[in-house]
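Breakdown of the fold
Read off the chains here:
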Amino acid sequence: MTARAFTITLLPSKRVFASTGETSILEAAALAGLRLSSSCRNGTCRACLCRLRDGDVRYRIEWPGLSAEEKADGWILPCVAIPLADVKIEADFEEIPPPADTKPGRGRGF
Ligand code: FES
């Protein structure tokens, strides 16, 4: 199966970023400089739990920590959810600050 590029839209902010269709929504957000809520990043703690409002996802693990009822109600775990289409999810985010200045000789002690 060939991966396709998709867009991920965060609601209610309407912030949009790209997904390669190969990484989780959480990883795609990080690549776009956005931090979503997370902890374990392996589909068990549910810290990233959010609602899918449009689109479809697959899971990179066989048993993500969701009940069948939660899945039917549109709840997803972005840390292990990979988009199968353009998706819209309800999720707050923070901007990831740019890396500190790493020029040689500045703050590295040598
Ligand atoms: S970060 Fe733990 S389930 Fe997603």
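Quick note: structure is the one above.
To start, this report covers the structure provided alongside it. Note that the structure is predicted; figures quoted are calculated from it, not measured.

Here we come to the nonpolar core. Membership of the largest hydrophobic core comes to 23 residues, with the highest contact counts inside it found for L10, F17, I25, Y59, I76 and I89. Looking at this core, the elements with two or more residues in it are β1 (6-11), α1 (25-31), β4 (50-54), β5 (57-59) and β8 (87-90). Examining the composition of this core, we find that four residues originate from one element, α1, more than from any other. Once you skip the residues sitting within four places of it in the chain, F17 turns out to touch F6, T7, I8, L10, I25, A28, A29, A32 and L34.

Before going further, it helps to examine the sheet that holds β8. Across the sheet, five strands lie side by side as β2-β1-β8-β4-β6; this open sheet has mixed pairing. Each end of this open sheet is capped by a strand with a single partner; those strands are β2 (15-19) and β6 (75-76). Where β1 meets β8, four bridges bridge the pair, whose relative direction is parallel. Paired with L11 across the bridge in β8 is E90.

As a further point, take the environment of E95. In this structure, E95 sits in strand β9 (residues 94-95). Between the C-alpha atoms of E95 and A30, which are 65 residues apart in sequence, the distance is 9.0 Å. Looking at E95, its side chain comes within polar contact range of the side chain of R15, at 2.6 Å.

Cut-offs applied
Residues numbered from 1 in each chain as written. Predicted model: local features only at pLDDT ≥ 70, side-chain atom pairs only at ≥ 80, totals over all residues. Heavy atoms only, no water. Core = buried A, V, L, I, M, F, W, Y, C linked by side-chain atoms within 4.5 Å. Buried < 20%, exposed > 50% of the residue type's maximum accessible area, 1.4 Å probe, protein only. Helix = DSSP H or I, 4+ residues; strand = E, 2+ residues; numbered from the N terminus. Contact = heavy atoms within 4.5 Å. Pairing = 2+ DSSP bridges. Polar contact = N/O pair within 3.5 Å; in protein donor to acceptor, adjacent residues only side chain to side chain.

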